[in-house]
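The chain contents come next:
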Amino acid sequence: MNKRLISGAVILSLVAGCTVGPKYRKPIVESPSTFRGAGDAASAPVSNSPGSLADLKWVEVFKDEQLQDLIRTALVNNYDLNQAVARIQTARANLGITRADQFPEVTAGAGATTLRNSGSGQIALPTGASRDRTFGSVVLNLLSFEVDIWGRQRRATEAARADLLGAEETRKAVMTTVVGDVSAAYFNLLELDTELEIAKDTLNTRQESLNLVRTRQQGGVATMLDVRQAEQLVYAAAQIVPDIERLIEQTENRINLLQGKDPGPVARGRSLTEQEQPPAAPAGLPSSLLARRPDIRASEATLMAATADIGVAKAAYFPQISLTGFMGGQSSQLTNLFSGPGGAWNFAPQATLPIFNAGRVKSGVKFTEAQRQLALTQYQQAIKTAFREVSDALVEYRKVKEIRAQQESLVTTLQDRSRLAYLRYQGGVDTQLNALDADRDLFAAELSLAQTKRNELLALVQLYKALGGGWQ
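Residues numbered from 1 in each chain as written. Predicted model: local features only at pLDDT ≥ 70, side-chain atom pairs only at ≥ 80, totals over all residues. Heavy atoms only, no water.

Comments concerning the environment of Ala54
Structurally, the position occupied by Ala54 is in the loop between α1 (2-16) and α2 (58-61). In this structure, the C-alpha to C-alpha distance between Ala54 and Arg293, residues 239 residues apart in sequence, is 9.5 Å. (Helix = DSSP H or I, 4+ residues; strand = E, 2+ residues; numbered from the N terminus.)

Laid out in structure tokens, this is it:
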């Protein structure tokens, strides 16, 4: 009879039990037909739309071999990524703990007890009788089990499983961030190298010009004002060099930190102007962004967990049924420990129902419902934020290309202007002021062009991240 009760209770909880609380349903999200800022690709028919840039692996987007080595090292040693992996292991272990509560717990125990009775107590012992009495016991706890009729444990397992899914998606999002951060820092480093080269070349040119002005001043052709103006340009270029070197070392330190290394130099591969870019950077369809971006999927997992928590809270309204029982034996002799007279068993079903708790259960349900509403709002915000980031990145990538083309034309013009201005000054046809102005404008334009080329690469990185690429 007891075996049938136990078996029936277990089957009832695992198979026939109902589950209170709402079931998770994926929210309906309306996606725009195209990304704003996609340019000509936005007006193309859907059937002719190219695949997304994010479908490419990061080694296919960033082709500098040295940068690839840096990214590979970071994907192994980065501290943020290792923490994300540890969170996955924690969530997986928590799922195992939570799921184990759905099943009966069987334990065994054994013990021995020795008693010494008083020889002159209430019951006197016969002369020669032993005052010591020893007996052993063996107990098998068959049940320590909550019958999950209302699905409280199953909802808790759903929440734990959703937390694990969220942790896994968060790891992918961190991988995307690591790939983008290392690439961005590397391109910043290459741009600083270009700036340092420009500054040193400009310093050498200005030093030669200063020497020429001093010679002309000694010959009475130039004035001391001309000398001071030439010195001004030399000192202006000279103070930029150590400042750029400072930024280079700090950027190298940042790259090493992303790789989990101590501060130190970073090897370079291709120069800034030699970096390859894909011939096109298509965004793909907006609807595919929801399935591609790990942060959106992580946010949805949080919503799934919050929905399951409502069921856990609502189950507190219903009786909580638990079963406990054991079987075993007690005997003062080992030979009789498992015999009929020494046998013992116990079966104790128990049910508890909240009657008055000052609204604790009701408040718990309201709390989980509010948490679900918060998770839903955050999920919706994550989607809209993703669309905005892609649009911003597309606009940035397209417009920076246009800026870079104009900047290259400007530098070409200023190089010719500077050359002609110095020729006219050396020939005594023009003043030194025009030559110095041309020199200053050229220096600023060359630095600006280097920064624009860097910004073009950074825009590619940002677009790749916004589209959800990089974690493969």
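So much for the structure itself; the text now carries on.
Describing the packing of aromatic side chains
Going through the model one piece at a time under the given rule, you end up with five aromatic pairs. With centroids separated by 5.8 Å and ring planes inclined at 85°, the aromatic side chains of Phe62 and Tyr464 adopt a geometry described as edge-to-face. Taken together, the positions of Phe62 in the loop between α2 and α3 (65-77) and Tyr464 in helix α10 (residues 432-466) put the pair 402 residues apart, joining distant regions of the chain. Taken individually, Phe62 and Tyr464 each receive the classification buried, so the pair is uniform in this respect. Taken together, the ring pairs in this structure connect Phe62, Tyr186, Phe187 and Tyr464 into an aromatic cluster. (Phe/Tyr/Trp six-rings, centres within 6.5 Å; stacked < 30°, edge-to-face > 60°. Buried < 20%, exposed > 50% of the residue type's maximum accessible area, 1.4 Å probe, protein only.)

Some words on the environment of Asp392
Of note, Asp392 is situated in helix α9 (residues 360-426). When the C-alpha positions of Asp392 and Leu463 are compared, they lie 8.4 Å apart, and in sequence the two are 71 residues distant. Within the structure, the side chain of Asp392 is placed 2.6 Å from the side chain of Arg388, a separation counted as a polar contact. (Polar contact = N/O pair within 3.5 Å; in protein donor to acceptor, adjacent residues only side chain to side chain.)

A few points about the layout of surface pockets
Volume-wise, the second largest pocket comes out at about 260 Å³. Lining of the second largest pocket is provided by 16 residues; of these, Asp163, Thr302, Ala305, Ala306 and Asp309 occupy positions nearest its centre. Those elements that place two or more of their residues in the lining of the second largest pocket are α5 (152-218), α8 (294-314) and α9. Looking at the lining of the second largest pocket residue by residue, the classes come out as nine nonpolar, five polar and two charged. (1 Å grid on protein atoms, 1.4 Å probe; cavity = no way out; pocket = protein on both sides within 12 Å on 5 of 7 lines; lining within 4 Å. Points joined across faces, edges and corners; volume = space filled by probe spheres on them. Nonpolar A, V, L, I, M, F, W, Y, C, P; charged D, E, K, R; others polar.)

Without other data, these values stay purely geometric and don't point to any function.
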